[in-house]
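A closer look at the structure
Take a look at the letters that make up each chain.
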Amino acid sequence: MSTEVRPDSYYGPSFPALLEQDPEIARLLVSELDRQRAGIQLIASENQTSPAVLAALGSTLSNKYAEGYPGRRYYGGCSEVDQVEELAIARAKELFGADHANVQPHSGASANQAVYGAFVKPGEKVLAMSLDHGGHLTHGFKVSFSGKWFDAVHYGVSRETEDIDYDQVRDLAREHRPKIILAGGSAVPRLIDFAAFRAIADEVGAVFWVDAAHFIGLVAGGAIPSPVPHADVVSFTTHKVLRGPRGGAIVCKEEHAAKIDRAVFPMMQGGPLMHAVAAKAVNFAECATPEYREYAGRVVRNAAALAGELGERGIRPITGGTDTHLSLHDLREVGVTGADAEKRCDAAGIVLNKNAIPFDPEKPNVASGIRVGSPSVTTQGMGEEQMRQVAALIHRAVTASDGDPEHPVAREVRAQVGEVLSAFPAYPAA
Ligand code: DSN
(Lines give C-alpha, C1' and ligand atoms only; values in the text may rest on other atoms or scores of the structure.)
Protein backbone atom coordinates (compact mmCIF):
# COMPACT_ATOMS: atom_id res chain seq x y z
CA MET A 1 0.00 0.00 0.00
CA SER A 2 1.24 3.47 -0.87
CA THR A 3 2.38 5.52 2.12
CA GLU A 4 1.76 8.68 0.16
CA VAL A 5 -1.68 10.26 0.49
CA ARG A 6 -2.10 12.65 -2.37
CA PRO A 7 -5.05 14.12 -4.23
CA ASP A 8 -5.53 12.74 -7.70
CA SER A 9 -7.44 14.43 -10.47
CA TYR A 10 -9.14 11.17 -11.37
CA TYR A 11 -11.00 11.17 -8.08
CA GLY A 12 -12.54 14.57 -8.78
CA PRO A 13 -12.91 17.78 -6.77
CA SER A 14 -14.39 16.07 -3.70
CA PHE A 15 -11.31 14.00 -3.11
CA PRO A 16 -9.45 16.51 -0.88
CA ALA A 17 -12.45 16.42 1.49
CA LEU A 18 -12.24 12.63 1.70
CA LEU A 19 -8.52 12.88 2.23
CA GLU A 20 -9.08 15.21 5.15
CA GLN A 21 -11.91 13.20 6.70
CA ASP A 22 -10.77 9.64 6.14
CA PRO A 23 -7.13 9.34 5.14
CA GLU A 24 -7.15 5.56 5.61
CA ILE A 25 -9.73 5.04 2.86
CA ALA A 26 -8.33 7.89 0.74
CA ARG A 27 -4.92 6.22 0.84
CA LEU A 28 -6.41 2.94 -0.36
CA LEU A 29 -8.16 4.66 -3.28
CA VAL A 30 -4.87 6.23 -4.34
CA SER A 31 -3.02 3.01 -3.81
CA GLU A 32 -5.52 1.09 -5.98
CA LEU A 33 -5.17 3.69 -8.72
CA ASP A 34 -1.39 3.26 -8.45
CA ARG A 35 -1.84 -0.53 -8.71
CA GLN A 36 -3.98 -0.19 -11.84
CA ARG A 37 -1.39 2.15 -13.34
CA ALA A 38 1.64 0.07 -12.37
CA GLY A 39 0.79 -3.24 -14.07
CA ILE A 40 -0.26 -4.56 -17.45
CA GLN A 41 -3.91 -5.40 -16.81
CA LEU A 42 -5.02 -8.43 -18.80
CA ILE A 43 -8.05 -9.58 -16.80
CA ALA A 44 -10.51 -10.11 -19.68
CA SER A 45 -13.51 -8.88 -17.67
CA GLU A 46 -11.98 -5.58 -16.53
CA ASN A 47 -11.53 -2.19 -18.14
CA GLN A 48 -10.80 1.44 -17.28
CA THR A 49 -13.87 3.68 -17.22
CA SER A 50 -13.80 7.29 -18.33
CA PRO A 51 -13.64 10.19 -15.84
CA ALA A 52 -17.23 11.03 -16.94
CA VAL A 53 -18.45 7.59 -15.82
CA LEU A 54 -16.53 7.96 -12.54
CA ALA A 55 -18.12 11.39 -11.99
CA ALA A 56 -21.65 10.00 -12.41
CA LEU A 57 -20.81 7.16 -10.01
CA GLY A 58 -19.61 9.62 -7.40
CA SER A 59 -22.77 11.76 -7.58
CA THR A 60 -25.62 12.55 -5.17
CA LEU A 61 -27.89 10.27 -7.20
CA SER A 62 -26.60 7.66 -4.79
CA ASN A 63 -28.85 9.26 -2.15
CA LYS A 64 -32.14 8.70 -3.97
CA TYR A 65 -34.65 5.91 -3.46
CA ALA A 66 -36.52 5.19 -6.68
CA GLU A 67 -38.25 1.80 -6.49
CA GLY A 68 -40.35 1.33 -9.57
CA TYR A 69 -39.79 2.70 -13.05
CA PRO A 70 -39.89 6.22 -14.57
CA GLY A 71 -43.32 7.74 -13.97
CA ARG A 72 -44.30 4.81 -11.72
CA ARG A 73 -42.21 5.21 -8.56
CA TYR A 74 -42.95 4.37 -4.93
CA TYR A 75 -41.24 7.58 -3.70
CA GLY A 76 -41.62 11.30 -4.28
CA GLY A 77 -38.79 13.43 -5.56
CA CYS A 78 -38.02 11.26 -8.57
CA SER A 79 -38.25 13.97 -11.25
CA GLU A 80 -34.53 14.02 -11.96
CA VAL A 81 -33.82 10.29 -11.63
CA ASP A 82 -36.79 9.58 -13.93
CA GLN A 83 -35.06 11.59 -16.65
CA VAL A 84 -31.77 9.84 -15.98
CA GLU A 85 -33.32 6.39 -16.27
CA GLU A 86 -35.33 7.36 -19.37
CA LEU A 87 -32.12 8.52 -21.03
CA ALA A 88 -30.30 5.32 -20.05
CA ILE A 89 -33.15 3.17 -21.43
CA ALA A 90 -33.41 5.14 -24.69
CA ARG A 91 -29.65 5.02 -25.23
CA ALA A 92 -29.46 1.27 -24.54
CA LYS A 93 -32.34 0.57 -26.96
CA GLU A 94 -30.71 2.68 -29.64
CA LEU A 95 -27.22 1.24 -29.10
CA PHE A 96 -28.35 -2.38 -29.31
CA GLY A 97 -31.35 -2.00 -31.63
CA ALA A 98 -33.51 -3.52 -28.89
CA ASP A 99 -37.28 -3.29 -28.34
CA HIS A 100 -36.89 -2.91 -24.58
CA ALA A 101 -34.16 -2.26 -22.01
CA ASN A 102 -34.02 -2.60 -18.24
CA VAL A 103 -31.01 -0.75 -16.80
CA GLN A 104 -31.61 -1.45 -13.12
CA PRO A 105 -29.81 -4.77 -12.44
CA HIS A 106 -27.07 -4.18 -9.88
CA SER A 107 -24.75 -6.71 -11.51
CA GLY A 108 -24.55 -9.47 -14.09
CA ALA A 109 -25.64 -12.03 -11.50
CA SER A 110 -28.66 -9.86 -10.57
CA ALA A 111 -29.57 -9.50 -14.24
CA ASN A 112 -29.37 -13.26 -14.66
CA GLN A 113 -31.46 -13.86 -11.56
CA ALA A 114 -34.16 -11.66 -13.09
CA VAL A 115 -34.11 -13.58 -16.38
CA TYR A 116 -34.64 -16.85 -14.49
CA GLY A 117 -37.35 -15.13 -12.46
CA ALA A 118 -39.13 -14.02 -15.64
CA PHE A 119 -39.11 -17.36 -17.44
CA VAL A 120 -38.74 -20.34 -15.10
CA LYS A 121 -40.11 -21.67 -11.83
CA PRO A 122 -37.99 -23.51 -9.26
CA GLY A 123 -37.26 -27.06 -10.39
CA GLU A 124 -37.71 -26.37 -14.11
CA LYS A 125 -35.07 -27.25 -16.68
CA VAL A 126 -32.50 -24.95 -18.23
CA LEU A 127 -29.78 -25.85 -20.72
CA ALA A 128 -26.52 -23.87 -20.48
CA MET A 129 -22.78 -24.15 -21.04
CA SER A 130 -20.89 -25.91 -18.28
CA LEU A 131 -18.63 -23.77 -16.12
CA ASP A 132 -15.58 -25.94 -16.72
CA HIS A 133 -15.95 -25.50 -20.48
CA GLY A 134 -16.31 -21.71 -20.28
CA GLY A 135 -19.80 -21.05 -18.85
CA HIS A 136 -20.57 -19.07 -15.69
CA LEU A 137 -21.50 -19.73 -12.06
CA THR A 138 -24.99 -18.33 -12.65
CA HIS A 139 -25.59 -20.72 -15.54
CA GLY A 140 -26.69 -23.54 -13.27
CA PHE A 141 -23.46 -24.30 -11.41
CA LYS A 142 -24.33 -26.40 -8.38
CA VAL A 143 -23.20 -23.98 -5.63
CA SER A 144 -24.98 -20.99 -7.22
CA PHE A 145 -28.69 -20.15 -6.73
CA SER A 146 -29.11 -21.14 -10.35
CA GLY A 147 -27.90 -24.69 -9.76
CA LYS A 148 -29.76 -25.01 -6.45
CA TRP A 149 -33.13 -23.72 -7.68
CA PHE A 150 -33.27 -24.97 -11.26
CA ASP A 151 -32.64 -28.29 -12.94
CA ALA A 152 -29.59 -27.37 -15.03
CA VAL A 153 -28.34 -29.54 -17.87
CA HIS A 154 -25.01 -28.58 -19.41
CA TYR A 155 -23.44 -28.70 -22.84
CA GLY A 156 -19.73 -28.18 -23.51
CA VAL A 157 -17.17 -27.90 -26.26
CA SER A 158 -16.07 -30.63 -28.64
CA ARG A 159 -12.66 -32.22 -28.02
CA GLU A 160 -11.64 -31.68 -31.64
CA THR A 161 -12.50 -28.01 -32.16
CA GLU A 162 -12.58 -26.92 -28.48
CA ASP A 163 -15.52 -24.74 -29.57
CA ILE A 164 -19.22 -25.16 -28.64
CA ASP A 165 -20.54 -28.58 -29.62
CA TYR A 166 -23.78 -27.60 -31.38
CA ASP A 167 -24.73 -31.23 -32.01
CA GLN A 168 -24.58 -31.82 -28.28
CA VAL A 169 -26.70 -28.70 -27.64
CA ARG A 170 -29.35 -30.02 -30.06
CA ASP A 171 -29.27 -33.56 -28.64
CA LEU A 172 -29.60 -32.34 -25.03
CA ALA A 173 -32.36 -29.92 -26.00
CA ARG A 174 -34.34 -32.71 -27.69
CA GLU A 175 -33.81 -35.05 -24.75
CA HIS A 176 -34.54 -32.62 -21.91
CA ARG A 177 -36.95 -30.07 -23.51
CA PRO A 178 -35.59 -27.20 -21.31
CA LYS A 179 -37.64 -24.07 -20.65
CA ILE A 180 -34.58 -21.91 -21.38
CA ILE A 181 -31.54 -22.40 -23.61
CA LEU A 182 -28.70 -20.15 -22.55
CA ALA A 183 -25.66 -19.17 -24.64
CA GLY A 184 -22.62 -17.22 -23.43
CA GLY A 185 -20.01 -17.60 -20.74
CA SER A 186 -16.85 -16.21 -19.23
CA ALA A 187 -14.19 -18.03 -21.26
CA VAL A 188 -15.59 -18.37 -24.78
CA PRO A 189 -13.01 -17.02 -27.24
CA ARG A 190 -14.95 -17.69 -30.44
CA LEU A 191 -18.07 -16.14 -31.97
CA ILE A 192 -21.27 -17.89 -30.93
CA ASP A 193 -23.62 -19.08 -33.68
CA PHE A 194 -26.77 -17.36 -32.40
CA ALA A 195 -28.84 -18.50 -35.39
CA ALA A 196 -28.00 -22.14 -34.61
CA PHE A 197 -29.08 -21.68 -30.97
CA ARG A 198 -32.28 -19.92 -32.09
CA ALA A 199 -33.17 -22.81 -34.38
CA ILE A 200 -32.62 -25.33 -31.57
CA ALA A 201 -34.66 -23.25 -29.12
CA ASP A 202 -37.50 -22.96 -31.64
CA GLU A 203 -37.46 -26.70 -32.29
CA VAL A 204 -38.04 -27.49 -28.60
CA GLY A 205 -40.11 -24.42 -27.71
CA ALA A 206 -37.50 -22.91 -25.36
CA VAL A 207 -36.77 -19.29 -24.56
CA PHE A 208 -33.42 -18.36 -26.11
CA TRP A 209 -31.34 -16.28 -23.69
CA VAL A 210 -27.86 -14.90 -24.37
CA ASP A 211 -25.66 -13.84 -21.47
CA ALA A 212 -23.52 -11.37 -23.40
CA ALA A 213 -21.69 -9.96 -20.37
CA HIS A 214 -18.27 -10.62 -21.81
CA PHE A 215 -18.69 -9.50 -25.38
CA ILE A 216 -21.53 -6.94 -25.37
CA GLY A 217 -18.97 -4.14 -25.71
CA LEU A 218 -17.79 -5.65 -28.98
CA VAL A 219 -21.41 -5.77 -30.14
CA ALA A 220 -21.91 -2.12 -29.13
CA GLY A 221 -18.86 -1.17 -31.16
CA GLY A 222 -19.94 -3.20 -34.20
CA ALA A 223 -16.87 -5.45 -33.98
CA ILE A 224 -18.80 -8.74 -33.80
CA PRO A 225 -22.37 -9.82 -34.68
CA SER A 226 -25.18 -9.01 -32.28
CA PRO A 227 -27.28 -11.60 -30.43
CA VAL A 228 -30.17 -9.10 -30.11
CA PRO A 229 -32.02 -9.98 -33.34
CA HIS A 230 -31.87 -13.71 -32.47
CA ALA A 231 -32.46 -13.92 -28.73
CA ASP A 232 -35.61 -13.49 -26.69
CA VAL A 233 -33.53 -11.85 -24.01
CA VAL A 234 -29.93 -10.66 -23.64
CA SER A 235 -28.41 -9.97 -20.22
CA PHE A 236 -25.06 -8.28 -19.76
CA THR A 237 -22.72 -6.43 -17.46
CA THR A 238 -21.74 -2.85 -18.16
CA HIS A 239 -18.15 -2.92 -16.91
CA LYS A 240 -16.27 -5.28 -19.21
CA VAL A 241 -15.34 -4.39 -22.82
CA LEU A 242 -18.30 -1.98 -22.71
CA ARG A 243 -16.23 0.15 -20.27
CA GLY A 244 -19.05 1.49 -18.15
CA PRO A 245 -19.72 1.33 -14.40
CA ARG A 246 -19.86 -1.99 -12.55
CA GLY A 247 -23.44 -3.15 -13.10
CA GLY A 248 -25.89 -5.09 -15.22
CA ALA A 249 -28.65 -4.59 -17.77
CA ILE A 250 -31.13 -6.58 -19.83
CA VAL A 251 -32.53 -6.03 -23.32
CA CYS A 252 -35.38 -8.10 -24.73
CA LYS A 253 -38.16 -8.42 -27.28
CA GLU A 254 -41.24 -6.28 -26.61
CA GLU A 255 -43.36 -9.34 -25.80
CA HIS A 256 -41.14 -10.07 -22.77
CA ALA A 257 -40.76 -6.47 -21.56
CA ALA A 258 -43.34 -6.46 -18.77
CA LYS A 259 -42.19 -9.85 -17.47
CA ILE A 260 -38.55 -8.74 -17.36
CA ASP A 261 -39.37 -5.46 -15.63
CA ARG A 262 -41.45 -7.24 -12.96
CA ALA A 263 -38.67 -9.78 -12.44
CA VAL A 264 -36.01 -7.09 -11.88
CA PHE A 265 -38.32 -5.10 -9.57
CA PRO A 266 -40.06 -6.07 -7.35
CA MET A 267 -39.16 -9.76 -7.70
CA MET A 268 -35.35 -9.63 -7.36
CA GLN A 269 -34.31 -6.11 -6.41
CA GLY A 270 -35.43 -3.14 -4.36
CA GLY A 271 -34.26 0.42 -5.01
CA PRO A 272 -32.14 0.85 -8.12
CA LEU A 273 -28.65 2.35 -7.79
CA MET A 274 -29.44 5.59 -9.59
CA HIS A 275 -25.84 6.83 -9.61
CA ALA A 276 -24.93 3.61 -11.45
CA VAL A 277 -27.90 4.03 -13.81
CA ALA A 278 -26.62 7.55 -14.64
CA ALA A 279 -23.14 6.15 -15.23
CA LYS A 280 -24.65 3.50 -17.54
CA ALA A 281 -26.36 6.29 -19.52
CA VAL A 282 -23.04 8.13 -19.84
CA ASN A 283 -21.37 4.91 -20.97
CA PHE A 284 -24.05 4.06 -23.56
CA ALA A 285 -23.55 7.50 -25.14
CA GLU A 286 -19.78 6.95 -25.18
CA CYS A 287 -20.29 3.61 -26.93
CA ALA A 288 -22.27 5.29 -29.73
CA THR A 289 -19.23 7.35 -30.83
CA PRO A 290 -16.87 6.62 -33.75
CA GLU A 291 -14.00 6.51 -31.22
CA TYR A 292 -15.62 3.63 -29.38
CA ARG A 293 -16.25 1.72 -32.63
CA GLU A 294 -12.59 2.11 -33.45
CA TYR A 295 -11.71 0.94 -29.93
CA ALA A 296 -13.88 -2.20 -30.20
CA GLY A 297 -12.19 -3.17 -33.46
CA ARG A 298 -8.77 -2.67 -31.92
CA VAL A 299 -9.73 -4.79 -28.90
CA VAL A 300 -10.36 -7.74 -31.23
CA ARG A 301 -7.19 -7.22 -33.28
CA ASN A 302 -5.11 -6.87 -30.11
CA ALA A 303 -6.57 -10.03 -28.59
CA ALA A 304 -5.75 -11.94 -31.78
CA ALA A 305 -2.17 -10.61 -31.79
CA LEU A 306 -1.67 -11.52 -28.12
CA ALA A 307 -3.14 -15.01 -28.58
CA GLY A 308 -1.12 -15.62 -31.73
CA GLU A 309 2.20 -14.61 -30.21
CA LEU A 310 1.63 -16.65 -27.05
CA GLY A 311 0.86 -19.60 -29.33
CA GLU A 312 4.10 -19.04 -31.26
CA ARG A 313 5.90 -19.29 -27.93
CA GLY A 314 4.35 -22.62 -26.97
CA ILE A 315 1.45 -21.29 -24.88
CA ARG A 316 -1.30 -22.69 -27.09
CA PRO A 317 -4.58 -20.80 -27.51
CA ILE A 318 -7.63 -23.03 -27.00
CA THR A 319 -9.53 -23.26 -30.33
CA GLY A 320 -6.35 -22.00 -32.05
CA GLY A 321 -7.03 -18.30 -31.41
CA THR A 322 -9.81 -15.84 -30.74
CA ASP A 323 -12.51 -13.79 -32.48
CA THR A 324 -13.21 -11.67 -29.43
CA HIS A 325 -11.45 -9.78 -26.63
CA LEU A 326 -10.12 -12.81 -24.80
CA SER A 327 -8.14 -15.98 -25.27
CA LEU A 328 -7.67 -19.04 -23.16
CA HIS A 329 -4.27 -20.75 -23.14
CA ASP A 330 -3.08 -24.25 -22.38
CA LEU A 331 0.15 -24.19 -20.36
CA ARG A 332 0.84 -27.90 -20.36
CA GLU A 333 3.48 -27.68 -23.08
CA VAL A 334 5.55 -25.28 -20.95
CA GLY A 335 4.94 -27.43 -17.86
CA VAL A 336 3.54 -24.72 -15.57
CA THR A 337 0.11 -24.70 -13.89
CA GLY A 338 -2.35 -21.84 -14.25
CA ALA A 339 -1.96 -20.97 -10.56
CA ASP A 340 1.83 -20.75 -10.86
CA ALA A 341 1.62 -18.76 -14.08
CA GLU A 342 -0.77 -16.26 -12.47
CA LYS A 343 1.57 -15.84 -9.50
CA ARG A 344 4.69 -15.50 -11.65
CA CYS A 345 3.07 -12.92 -13.91
CA ASP A 346 1.74 -10.99 -10.91
CA ALA A 347 5.23 -10.79 -9.42
CA ALA A 348 6.45 -9.49 -12.79
CA GLY A 349 3.80 -6.74 -13.08
CA ILE A 350 1.37 -8.55 -15.40
CA VAL A 351 -2.14 -9.16 -14.05
CA LEU A 352 -4.07 -12.11 -15.52
CA ASN A 353 -5.99 -15.07 -14.16
CA LYS A 354 -5.56 -18.82 -14.05
CA ASN A 355 -8.42 -20.54 -15.84
CA ALA A 356 -9.61 -24.09 -16.33
CA ILE A 357 -9.30 -25.26 -19.92
CA PRO A 358 -11.82 -27.70 -21.41
CA PHE A 359 -11.22 -31.28 -20.14
CA ASP A 360 -8.72 -29.87 -17.62
CA PRO A 361 -7.01 -32.58 -15.55
CA GLU A 362 -6.26 -30.05 -12.77
CA LYS A 363 -8.63 -28.76 -10.08
CA PRO A 364 -10.11 -25.30 -10.84
CA ASN A 365 -7.97 -23.58 -8.18
CA VAL A 366 -4.82 -24.93 -9.85
CA ALA A 367 -5.97 -25.15 -13.52
CA SER A 368 -3.90 -25.85 -16.63
CA GLY A 369 -4.59 -22.55 -18.30
CA ILE A 370 -4.61 -18.79 -18.18
CA ARG A 371 -7.15 -16.36 -19.60
CA VAL A 372 -5.98 -13.05 -21.07
CA GLY A 373 -7.98 -10.14 -22.46
CA SER A 374 -7.25 -6.92 -24.30
CA PRO A 375 -9.92 -4.41 -23.09
CA SER A 376 -7.79 -2.49 -20.57
CA VAL A 377 -4.53 -2.36 -22.53
CA THR A 378 -6.46 -1.23 -25.61
CA THR A 379 -8.05 1.57 -23.58
CA GLN A 380 -4.51 2.62 -22.74
CA GLY A 381 -3.77 2.90 -26.46
CA MET A 382 -1.65 -0.21 -26.96
CA GLY A 383 -1.68 -1.90 -30.36
CA GLU A 384 -0.66 -5.18 -31.93
CA GLU A 385 3.07 -4.46 -31.62
CA GLN A 386 2.71 -4.00 -27.86
CA MET A 387 0.61 -7.18 -27.67
CA ARG A 388 3.48 -9.16 -29.16
CA GLN A 389 5.85 -7.55 -26.64
CA VAL A 390 3.46 -8.38 -23.79
CA ALA A 391 3.21 -12.00 -24.98
CA ALA A 392 7.01 -12.26 -24.87
CA LEU A 393 7.01 -10.85 -21.32
CA ILE A 394 4.31 -13.31 -20.21
CA HIS A 395 6.29 -16.19 -21.69
CA ARG A 396 9.48 -15.03 -19.95
CA ALA A 397 7.77 -14.59 -16.57
CA VAL A 398 5.90 -17.90 -16.81
CA THR A 399 8.86 -20.02 -17.92
CA ALA A 400 11.83 -18.39 -16.19
CA SER A 401 10.70 -16.94 -12.83
CA ASP A 402 9.26 -18.49 -9.68
CA GLY A 403 6.67 -16.07 -8.29
CA ASP A 404 9.12 -14.24 -6.03
CA PRO A 405 9.02 -10.53 -6.89
CA GLU A 406 12.76 -10.39 -6.10
CA HIS A 407 13.63 -13.11 -8.64
CA PRO A 408 15.98 -11.56 -11.26
CA VAL A 409 13.62 -12.44 -14.12
CA ALA A 410 10.65 -10.92 -12.27
CA ARG A 411 12.69 -7.73 -11.83
CA GLU A 412 13.77 -7.76 -15.47
CA VAL A 413 10.19 -8.25 -16.73
CA ARG A 414 8.87 -5.58 -14.35
CA ALA A 415 11.38 -3.11 -15.78
CA GLN A 416 10.17 -3.88 -19.31
CA VAL A 417 6.54 -3.65 -18.19
CA GLY A 418 7.40 -0.18 -16.84
CA GLU A 419 8.82 0.81 -20.25
CA VAL A 420 5.70 -0.30 -22.10
CA LEU A 421 3.46 1.48 -19.58
CA SER A 422 5.44 4.71 -19.76
CA ALA A 423 4.32 5.05 -23.39
CA PHE A 424 0.75 3.87 -22.68
CA PRO A 425 -0.21 4.98 -19.17
CA ALA A 426 -3.51 4.12 -17.52
CA TYR A 427 -5.39 7.20 -16.29
CA PRO A 428 -2.57 9.56 -17.31
CA ALA A 429 -1.99 12.22 -14.68
CA ALA A 430 -3.63 15.50 -15.73
N1 DSN B 1 -16.05 -12.70 -12.97
C2 DSN B 1 -16.32 -12.50 -14.38
C3 DSN B 1 -15.17 -12.89 -15.24
O4 DSN B 1 -14.05 -12.64 -14.85
O5 DSN B 1 -15.37 -13.42 -16.32
C6 DSN B 1 -17.57 -13.18 -14.79
O7 DSN B 1 -18.59 -12.85 -13.91
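To keep things clear, this report deals only with the structure shown in the data block. Here the structure is a predicted model, which means the values were calculated and not measured. Every residue gets a number counted from 1 within its own chain, in the order that chain's sequence is written. Under the rules for a predicted model, residues below a pLDDT of 70 receive no local features and side-chain atom pairs below 80 are neither given nor counted, while totals for whole chains, interfaces and linings still include all residues. No hydrogens and no water enter the side-chain calculation; it runs on all heavy atoms of the structure.

1. Brief notes about the sheet that holds strand E10 (residues 248-252)
Just so we agree on the cut-off: When DSSP finds at least two bridges between two strands, those strands are taken to pair. Think of it this way: any DSSP run of H or I at least four residues long counts as a helix, any run of E at least two long counts as a strand, and we number them from the N terminus. Axes, fitted as lines to C-alpha atoms, cover a helix only where it is in contact. Angles between the N-to-C directions of the axes lie from 0 to 180 degrees. The criterion used for residue contact is that any of the two residues' heavy atoms lie within 4.5 Å.
The 7 strands lie next to each other as E4-E10-E9-E8-E7-E5-E6, forming an open sheet whose pairing is mixed. The sheet is open, and its two edges are formed by strand E4 (100-102) and strand E6 (151-155), each paired on a single side. In this sheet, adjacent strand axes meet at a mean angle of 20 degrees when their direction is disregarded. Of the strand pairs in this sheet, strand E5 (residues 125-129) and E6 are connected by 5 bridges, and their pairing is parallel. Paired with Leu127 across the bridge in E6 is Val153. Here helix H7 (residues 166-176) sits on the sheet and contacts E5, E6 and strand E7 (180-183); the angle it forms with E6, its principal contact strand, is near 155 degrees.

2. Regarding the packing of helix H5 (residues 108-119) against helix H10 (residues 257-268)
Put simply, the test is: Our angle categories are set so that under 35 degrees counts as roughly parallel, over 145 as roughly antiparallel, 65 to 115 as roughly perpendicular, and the remainder as oblique. Here a crossing is called left-handed whenever its near helix is offset anticlockwise from the far helix by less than a right angle, and right-handed whenever the offset is clockwise. Each residue gets one of three labels, nonpolar for Ala, Val, Leu, Ile, Met, Phe, Trp, Tyr, Cys and Pro, charged for Asp, Glu, Lys and Arg, and polar for the others, Gly among them.
In the contact formed by H5 and H10, the axes pass within 8 Å of each other and the chain directions differ by 115 degrees. As far as their axial angle goes, H10 and H5 are roughly perpendicular. Of the two possible hands of crossing, H5 and H10 adopt the one that is right-handed. Contacts between H5 and H10 involve Gln113, Ala114, Val115, Gly117, Ala118 and Phe119 from the first element and Lys259, Ile260, Ala263, Val264, Met267 and Met268 from the second. When its residues are assigned to classes, the contact of H5 with H10 shows 9 nonpolar, 2 polar and 1 charged.

3. Topic: the site of the ligand
Note the threshold: Nearness is judged by heavy atoms alone; a residue qualifies as near a molecule or strand once a single heavy atom is within 4 Å of it. Polar contacts, as counted here, are pairs of nitrogen or oxygen atoms within 3.5 Å of one another; within protein the pair requires one atom able to donate a hydrogen and one able to accept it, and residues that are adjacent in sequence qualify only if both atoms are side-chain atoms. Per-residue and other accessible areas were derived by the Shrake-Rupley procedure at a 1.4 Å probe size, with only the shown protein chains allowed to occlude residues.
In the neighbourhood of the ligand, the contacting residues comprise Ser45, His136, Ser186, His214 and Arg371. At 2.7 Å, a side-chain N or O of Ser45 approaches an oxygen atom of the ligand. At 2.8 Å from an oxygen atom of the ligand is found a side-chain nitrogen or oxygen belonging to His136. Protein chains bury 63% of the 230 Å² of accessible surface belonging to the ligand in isolation.

4. Regarding the sheet that holds strand E14 (residues 353-355)
The antiparallel open sheet is built from 4 strands, whose spatial order is E11-E12-E15-E14. Since the sheet does not close on itself, it has two edges, and those belong to strand E11 (316-317) and E14, each with one partner. Sheet analysis places E14 next to strand E15 (residues 369-373), joined by 3 bridges and oriented antiparallel. If you follow Asn353 over to E15, its bridge partner there is Arg371. Running over the sheet, helix H12 (residues 290-312) touches E11, strand E12 (326-330) and E15 and is turned about 10 degrees from E12.

Read these as spatial facts, not as claims about activity.
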